[in-house]
Amino acid sequence: MSWQKFKEEMQNAWLPEGLYEFYLQWGNDYRKFCRDDFVRIPPKDFARVLQAQGVVDWRVRQAHHAAELVVRAFHPLSSRGLSLPQKVVKPFRENAFLQKFFANKPISPALEGELEKFYHKMMIRGLKLNTVKAYLRWLEAYLSFSRMNLDTGQIESFLNHITIRKNLSPTTQKQALSSITFYFKHVKNMTLENIYFNRSRKQVSIPEILSIHEVSQILDTASGQWKVFLALLYGCGLRVAEALNLRFKDIHLDTNKVHVRMSKGHKSRVISLPTKL
């Protein structure tokens, strides 16, 4: 069977070219899995197996979509009734955030092309949307500052510039460097070495901590599900997003444990559930 038909299906689905290599790999994996028997083992069964193996949700969706395109390409009759999403990653200019991002910025076609490649590489690797937004802002600032010059000296000048002019915190400076490093590694296939710049000094501050009485007052003002939500945040030390993503099966009352899944950095952990909860 020729993969040319599969490539045509990817084009018909308006997939970015940056996704082709990943879809070809998923398509090949699906054909090996079902041995080209697309009717007996449909794409949804392939997706279920990946999910059972612990593959992250966005990759399962991508694999499922690729498998459905394989069916369309190699067995058109069996693809009747399939619900095929037209796009997995929204085109660059159709993303609501990016429309605001470019609203009042005169950006050259060359710069927009680099930002688009960068955007797709981040989305493919499943970076959080907030991280994507921050990285895009920093890369746009760097490429505008350097006038698309990829010399290492320009990186050092840019980092020194934002450190001195904007008085950035070490965390923000590290984020700017991480965005540039990601761009060079995944878009330009280059490794950055020996980067020297003025690093921001970490300011030591004493954290403001609520007293037990203040926490009790906050909990007393809430009721119902919101009281439980706030109690989980405080008692388990959860982030807001972690508490919002909890499911009933993640809370084990018999062992007083909470399974926090796919948190920051795509990491999971098990924490203790206070007996009072």
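Residues numbered from 1 in each chain as written. Predicted model: local features only at pLDDT ≥ 70, side-chain atom pairs only at ≥ 80, totals over all residues. Heavy atoms only, no water.

### Section: the overall build of the chain
The number of helices and strands found in the chain is twelve helices and three strands. Looking at the chain residue by residue over its 277 residues, the buried ones come to 37%. Working note: accessible area of the chain is about 17,900 Å², and carbon and sulfur atoms make up 51% of it. (Helix = DSSP H or I, 4+ residues; strand = E, 2+ residues; numbered from the N terminus. Buried < 20%, exposed > 50% of the residue type's maximum accessible area, 1.4 Å probe, protein only. Areas by Shrake-Rupley, 256 points an atom, 1.4 Å probe, with all protein chains shown as cover.)

### Notes on the pattern of salt bridges
Overall, the coordinates contain six salt bridges when judged by the stated rule. For D45, the salt bridge goes to R48, with nearest N and O atoms at 2.9 Å. Here D45 and its partner R48 are both found in helix 3 (residues 43–52), three residues apart, which amounts to about one turn of the helix. By relative accessible area, D45 is classed as partly exposed at 24%. (Salt bridge = Lys/Arg side-chain N within 4 Å of Asp/Glu carboxyl O.)

### Focus: the sheet that holds strand 2 (residues 257–260)
One open sheet holds the three strands; their spatial order is 1-2-3, and the pairing between them is antiparallel. Strand pairing shows two members of the sheet lacking a second neighbour, strand 1 (251–252) and strand 3 (269–272), which therefore form its edges. As defined by bridge partners, strand 1 adjoins strand 2 across two bridges and the pair is classed as antiparallel. Looking across to strand 2, one finds that H252 is bridged to K257. (Pairing = 2+ DSSP bridges.)

### Re the pairing of strand 2
Alternating positions in strand 2 separate cleanly, V258 and V260 being buried on one face and K257 and H259 remaining unburied on the opposite face. Connecting strand 1 to the antiparallel partner strand 2 that follows it, the hairpin turn spans four residues, and N256 within it adopts a positive phi of roughly 55°. Taken together, the four bridges between strand 2 and strand 3 define a ladder with antiparallel strand orientation. Paired with H259 across the bridge in strand 3 is V270.

### Overview of helix 6 (residues 109–124)
Between its first and last C-alpha, helix 6 extends 22 Å over 16 residues, near the 22 Å set by a 1.5 Å rise per residue. Taken together, the buried positions of helix 6 are occupied by L111, E112, E114, L115, F118, Y119, H120, K121, M122 and I124. (Expected span 1.5 Å × (residues − 1).)

### A few points about the packing of aromatic side chains
Enumeration over the complete set of coordinates arrives at twelve aromatic pairs. Aromatic side chains Y142 and F158 sit 5.6 Å apart centroid to centroid with 65° between the ring planes, which places their arrangement in the edge-to-face category. Of this pair, Y142 sits in helix 7 (residues 129–146) while F158 sits in helix 8 (residues 152–166), and the two are 16 residues apart along the sequence. When sorted by exposure, Y142 lands in the same class as F158, which is buried. Centre to centre, the rings of W226 and F229 are 5.9 Å apart; their planes meet at 80°, and the pair counts as edge-to-face. Of the two residues, W226 and F229 both sit in helix 11 (residues 224–236), three residues apart, roughly one turn of that helix. Among the aromatic side chains, those forming a connected cluster through ring pairs are F118, Y135, W138, Y142, F145, F158, F182, Y183 and F184. (Phe/Tyr/Trp six-rings, centres within 6.5 Å; stacked < 30°, edge-to-face > 60°.)

### What about the confidence of the model for the chain?
Summarising the model, the chain shows a mean pLDDT of 78, and 82% of its residues fall at 70 or more. Predicted confidence for residues 77–88 stays below pLDDT 50, and this span has 22 contacts to residues more than four positions away or in other chains. (pLDDT = per-residue confidence, 0-100. Contact = heavy atoms within 4.5 Å.)

### A short note on the environment of F184
Among the structural elements, F184 can be located in helix 9 (residues 170–186). Residue classification places F184 among the buried residues on the basis of a relative accessible area of 0%. Separated by 34 residues in the primary sequence, F184 and L150 have C-alpha atoms spaced 8.8 Å apart. Not counting residues up to four positions away in its chain, the partners in contact with F184 are Y142, L150, I155, N189, M190 and L192.

### Concerning helix 11
With 13 residues, helix 11 extends 18 Å between its outermost C-alpha atoms, agreeing within 8% with the 18 Å of an ideal straight helix rising 1.5 Å per residue. Here the buried face of helix 11 lies against helix 10 (212–221), helix 12 (240–244), strand 2 and strand 3. Just past helix 11, the residue G237 takes up positive phi, approximately 65°.

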